[in-house]
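Each chain is listed here by its residues.
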Amino acid sequence: MSAKAPGAGPSVSVVVATRDRAERLDALLGALGEQTMAREAFEVIVVDDQSRDETSAVLRRWAAARNLRVTPLRGRGAGPGAARNDGWRAAHGALVAFTDDDCEPTAGWLEHLSAAAGSDGGGDSMVQGRTSPLPDEEHRLGGRARTKSIQALGPWYQTCNMLYSRALLERLGGFDERFTRPAAEDADLAWRAIETGATPRFAPAALVHHAVEPLSAWELLRAGARDPDEALAFRRHPGLRAQAGRLGVFKNPSHALLALALAGGLAARRRRAAALLAIPYARNLARRARDPGAGPLSPPLLLGHDLLEASAAVRGSIRHRTLAL
């Protein structure tokens, strides 16, 4: 797909990669239709990465709507980073805002992001907004629910709420498409920008609400078993490791406690007192299992999730030849 140079038309392009979330996508586009920014000032480009649900019907309806400029694109099935690359390269705005298909931006989102970027749209603008769970879905929060809450700058710079200048994306070459899974491709882009001179800004008024998705037992275990490439981002970017890692090794605090517990279990064969090392993880597990909505089967499910997730992190560490647990 050939790149389009910015020209007359929208100053901001919103890029969304989507797959099999038709209902959530519809809600997202509805929220974008309520933006306080003038309609002619922004466009929305949605890259459908080969969905199998009703996504295409949702996109056709919104593309025909008059209150929002929506351009649907067909993705290559190469992952969210590749889909976003296709999206921003087809965009016309000097600023490119990213959000996800399970999000609903508040009405002033684009205005606040653009204001934080400043008037120099051709510079190395890089802005992160604030993300909170959807207010109508907060009752779903608990130990087995997936959502995002981002109240300060970094360190993962998730694309649920990020803005870059097109010039910066072009200089960096966009997202690294070797990240084929939705894990750390956004952090890798952000840290490459920072390491080449861009200064990230935080815009707390640019608020996006993120869906709260309760996970079934199977979904929770499957989420733990996925094989993310976060280790690659840790290897590439010492700044990410310094900010997100625990003891320079653990990217998840629960993993550090689990490792301590496992070490204590092994050592207890010779010294029974070593079993006490499992207490911090046991307390962590009990706290998470008491969260609202966790359910009576949560302790073994959360333990299984942690073991699978830690195992995946070990595989990622071996694959990318760096320790990132």
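Residues numbered from 1 in each chain as written. Predicted model: local features only at pLDDT ≥ 70, side-chain atom pairs only at ≥ 80, totals over all residues. Heavy atoms only, no water.

A. Broad picture of the pattern of salt bridges. In this structure the tally under the stated criterion is 22 salt bridges. Measuring nitrogen to oxygen at the nearest pair gives 2.8 Å for the salt bridge that ties E137 to R24. Taken together, the residues E137 in the loop between β6 (126-133) and β7 (145-146) and R24 in helix α1 (residues 22-32) connect sequence positions 113 residues apart. Classification of E137 as buried rests on a relative accessible area of 11%. What makes R24 buried here is its relative accessible area of 16%. Here E213 makes a salt bridge to R24, at a shortest N to O gap of 2.9 Å. In this pair, E213 is assigned in strand β10 (residues 213-214) and R24 in helix α1, connecting sequence segments 189 residues apart. Through salt bridges with shared partners, a single network forms among D176, R178, D188, R192 and R236. (Salt bridge = Lys/Arg side-chain N within 4 Å of Asp/Glu carboxyl O. Helix = DSSP H or I, 4+ residues; strand = E, 2+ residues; numbered from the N terminus. Buried < 20%, exposed > 50% of the residue type's maximum accessible area, 1.4 Å probe, protein only.)

B. Highlighting the pairing of strand β4 (residues 95-98). Burial of the side chains of β4 extends over both faces: L95 and A97 are buried on one face and V96 and F98 on the other. For strand β1 (residues 12-18) and β4, the ladder comprises four bridges, and the chain directions are parallel. Looking at β4, one finds that V12 is bridged to L95. (Pairing = 2+ DSSP bridges.)

C. Local environment of unusual backbone geometry. The omega torsion of the bond from G154 to P155 falls at -10 degrees, within 30 degrees of zero and hence cis. If you trace the backbone, P155 turns up in the loop between β7 and β8 (162-165). Look at D20: it is not a glycine, yet its phi comes out positive at around 55 degrees. Checked against the element boundaries, D20 lands in the loop between β1 and α1. Under the relative-accessibility criterion, D20 is labelled partly exposed at 28%.

D. How the structure looks around the environment of A286. Here A286 shows up in helix α11 (residues 279-289). Judged by its relative accessible area of 32%, A286 falls in the partly exposed class. The spacing of A286 and E23 is 263 residues in sequence and 34 Å in space, taken between C-alpha atoms.

E. Geometry of the packing of α11 against helix α12 (residues 298-320). Where α11 contacts α12, the two axes come as close as 9 Å, and the packing angle between them is 120 degrees. In terms of axis orientation, α11 runs oblique to α12. Along this stretch, α11 crosses α12, giving a crossing that reads as right-handed. Across the interface between the two elements, Y281, L285, R288 and A289 from α11 touch S298, P299, L302, L303 and D306 from α12. (Axes fitted to C-alpha atoms, helices over the stretch in contact; angles between N-to-C directions. Parallel < 35°, antiparallel > 145°, perpendicular 65-115°, else oblique. Left-handed = near helix turned anticlockwise from the far one by under 90°. Contact = heavy atoms within 4.5 Å.)

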